[in-house]
Amino acid sequence: MSASAYRKSGAAHALILIALAFISLFLLLPLITVFAQALAKGFDAYRTALVEPDAIAAIKLTLTVAAISVPLNVVFGIAAAWSIAKFDFPGKSVLVTFIDLPFSVSPVVAGLVYVLLFGMQGWLGPWLREYDIQIIFAVPGIVLATVFVTFPFVARELIPLMAEQGRDDEEAALSLGASGFQTFLRVTLPNIRWGLLYGVLLCNARAMGEFGAVSVVSGHLRGLTNTVPLHVEILYNEYNFVAAFAVASLLAMLALLTLVLKSILERRFDYQHGSVGH
Amino acid sequence: MPNLFTAQARARRRTIIPGFGLTTGFTLAWLSLIVLIPLSTVFIRAAGMGLPEFLEVGFSPRAIAAYKVSFGTALAAALINAVFGMIVAWVFVRYEFPGKRIFDALIDLPFALPTAVAGIALASLYASNGWIGQLVEPLGIRLAYNPIGITIALIFIGLPFIVRSVEPVLADLSRDAEEAALSLGASPLQVFVRVILPALLPALLTGFALALARGVGEYGSVIFIAGNMPFKSEIAPLLILTQLEQYDYAGATAIAVVMLIVSFAMLLFINLVQSCSRRRVDA
């Protein structure tokens, strides 16, 4: 036993035991299950599932979708935080609530709204068909749905951070003759870098792992519009459990990497993130 | 105090920081394009249906059963998480034990692990031939492919909302009041109910509402363990998807509108709780 900060009574031991049992039952065991099931038939079966062409196509698509949607979120997050944290204007709190909105919308509903807009029966459907543009059941729809569900991630980290830092640093730089863009690059960006990284980390995890919203708009075309989470679903529903868990283990490793980087950011840089609810 | 107000407003306007028009304009445009306009299409479509048809498809017996399953399981999971999440937060804040850092980092797993991965892992763990499922199978208890399974998935999804809401408040709580109550002869239970719980209540309510809102709309982690039987274990988001696959756009739209209204109400509730507790702290 390590040094205990406070005197531990029997009740304390019981509470620790209950807490750890609860975490093990609902968080630790599911995580272990993923790897155990993936390796249930040995390492060769595991590797075979990962080098299969459909799996590789799914991995490529997921990386592409994240590579488009995460930078879009970064640009939006910085613009929104600059506007909301550096200026005062009426309706600011309503704007912040609207930015948070996608967190309280079911992923399936998020997918549905784009189908109602761009699908064959949707408002813009006939027009899109005329110009031979496909959004639903194609990659643009997957990107749109991903951007929707990850919409608040970066903005939510940056708004409280930039509001706390105030305007003094920027105003000093500007009055010394720096241009607006120089001020942003040399003053603001270094100030917010850890918060930005934190937001990007969580945004990326969600972008690569999104299932519900993407499931509605993807059409599940194997090798074409199948992201990694959708590929896991298909394999699982085909009772190909080893392959399903093998592909799922990639996502689990991504999650573990995200958690490790996140706690390094929180501890090393003493970065206090200001929000719950991702 | 109109004078003070205009003076303040003038001082604010005088900031030399550039880019207000650009960043605010871009924020509003992007927000409208990605979130507000697409979301409003659902409401406009629903309005076009007319009230009788909307009520008929939005509150069909199958839809009502799905709402009951979604809200019932989300409520059960949020209640279980409120109790155990508070114990977890308490243990993390008050005690030291080996492996604490790892367990603490693990709490955020549901934010980082894709829901589909959580879904298949929970299903194989709690199914009657799984590691945990086979332990209770002889007792005649089935944990998967019924509403209990849905609740298990929603416990997984909701736990970090409670723990991460309660933890910082508990850490900031001064022990003076607690120790005063104990030295005046209060029992530990009395101290918890009369001293600690009232201080934690706003954070607990916020975490509870966040977990509930997330649970009602959750899809990926649930469908693998749910069983998905209409009227029994079919959640509302799955019903939307089923209607959509049958090209029943009216049905999907009506159910989506009902769910959106409920989640907006919960969002409003969370904002109210937070502004009330902030006002109390400021006062």
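Conventions and cut-offs
Residues numbered from 1 in each chain as written. Chains lettered and ligands numbered in written order. Predicted model: local features only at pLDDT ≥ 70, side-chain atom pairs only at ≥ 80, totals over all residues. Heavy atoms only, no water. Helix = DSSP H or I, 4+ residues; strand = E, 2+ residues; numbered from the N terminus. Buried < 20%, exposed > 50% of the residue type's maximum accessible area, 1.4 Å probe, protein only. Axes fitted to C-alpha atoms, helices over the stretch in contact; angles between N-to-C directions. Parallel < 35°, antiparallel > 145°, perpendicular 65-115°, else oblique. Left-handed = near helix turned anticlockwise from the far one by under 90°. Contact = heavy atoms within 4.5 Å. pLDDT = per-residue confidence, 0-100. Buried area = accessible area lost by both parts, 1.4 Å probe. Salt bridge = Lys/Arg side-chain N within 4 Å of Asp/Glu carboxyl O. Polar contact = N/O pair within 3.5 Å; in protein donor to acceptor, adjacent residues only side chain to side chain.

S.K.: What should I look at first to understand unusual backbone geometry in this one?
M.R.: For residues besides glycine, phi is generally negative; the peptide bonds are generally trans as well. Residues and elements named next belong to chain B. A positive phi angle, near 60°, is found at Tyr 145, a position not held by glycine. Among the secondary structure elements, Tyr 145 is positioned in the loop between helix H8 (133–136) and helix H9 (147–172). Here the phi dihedral of Asn 228 falls at roughly 55°; this positive angle occurs in a residue that is not glycine. Structurally, Asn 228 can be placed in the loop between helix H12 (220–226) and helix H13 (236–245). Residue class for Asn 228 comes out partly exposed when judged on its relative accessible area of 26%.

S.K.: What is the right way to look at the packing of helix H7 (residues 115–126) of chain B against H9(B) in this model?
M.R.: Axes are the key here: two packed helices are described by the angle between their axes and the distance separating the axes. Residues and elements named next belong to chain B. Between H7 and H9, the least distance of the axes is 10 Å, while the angle of their chain directions is 135°. Considering their axes alone, H7 and H9 lie oblique with respect to each other. For the crossing formed where H7 meets H9, the hand is right-handed. The residues of H9 that touch H7, namely those facing Thr 115, Ala 118, Leu 122 and Tyr 126, are Ile 152, Ala 153, Phe 156 and Ile 157.

S.K.: Please explain the confidence of the model for chain A as it appears in this structure.
M.R.: Regions with low pLDDT carry predicted coordinates that are not meant to be interpreted in detail. Residues and elements named next belong to chain A. Summarising the model, chain A shows a mean pLDDT of 90, and 94% of its residues fall at 70 or more. Below a pLDDT of 50 lies the segment residues 1–6, which in the model reaches 11 contacts outside its immediate sequence neighbourhood of four places, other chains included. Residue range residues 274–278 is modelled with pLDDT below 50. Its contacts to residues more than four positions away, or to other chains, number 19 contacts.

S.K.: Sorry, what's going on with the interface of chain A and chain B here?
M.R.: It is common to report an interface's size as the accessible area lost on association of the parts. Every contact between the two is made by 94 residues of chain A and, on the other side, 90 residues of chain B. For the pair chain A and chain B, the two sides together bury roughly 8,400 Å², of which 80% comes from carbon and sulfur. Applying the counting rule to chain A against chain B returns 1 salt bridge. The closest approach of N and O atoms between Asp108(B) and Lys262(A), which form a salt bridge, is 2.4 Å. Between the two partners, chain A and chain B, sit 10 residue pairs in polar contact (both at pLDDT 80 or more). It is helix H1 (residues 10–38) of chain A that contributes the most residues to the side of chain A that touches chain B, 21 residues altogether.

S.K.: Help me out: how do you make sense of the pattern of salt bridges in this one?
M.R.: Opposite charge on two side chains allows them to pair when their charged atoms are near. Within the structure shown, the criterion is met by 15 salt bridges over all chains. The partner of Arg156(A) in a salt bridge is Asp100(A), with the nearest N and O atoms 2.7 Å apart. Within this pair, whereas Arg156(A) is found in helix H8 (residues 153–165), its partner Asp100(A) is found in helix H4 (residues 92–100), the two being separated by 56 residues in sequence. The exposure class assigned to Asp100(A) is buried, which follows from its relative accessible area of 17%. One salt bridge connects Arg164(B) with Asp108(B), and the closest N-O pair in it is separated by 3.1 Å. Taken together, the residues span a long stretch of sequence, with Arg164(B) in helix H9 and Asp108(B) in the loop between helix H5 (100–106) and helix H6 (109–112) at a distance of 56 residues. In this structure Asp108(B) comes out as buried when scored by relative accessible area, which is 5%. Linked through salt bridges whose partners overlap, the residues forming this network are Lys262(A), Glu266(A), Asp104(B), Asp108(B), Arg164(B) and Glu167(B).

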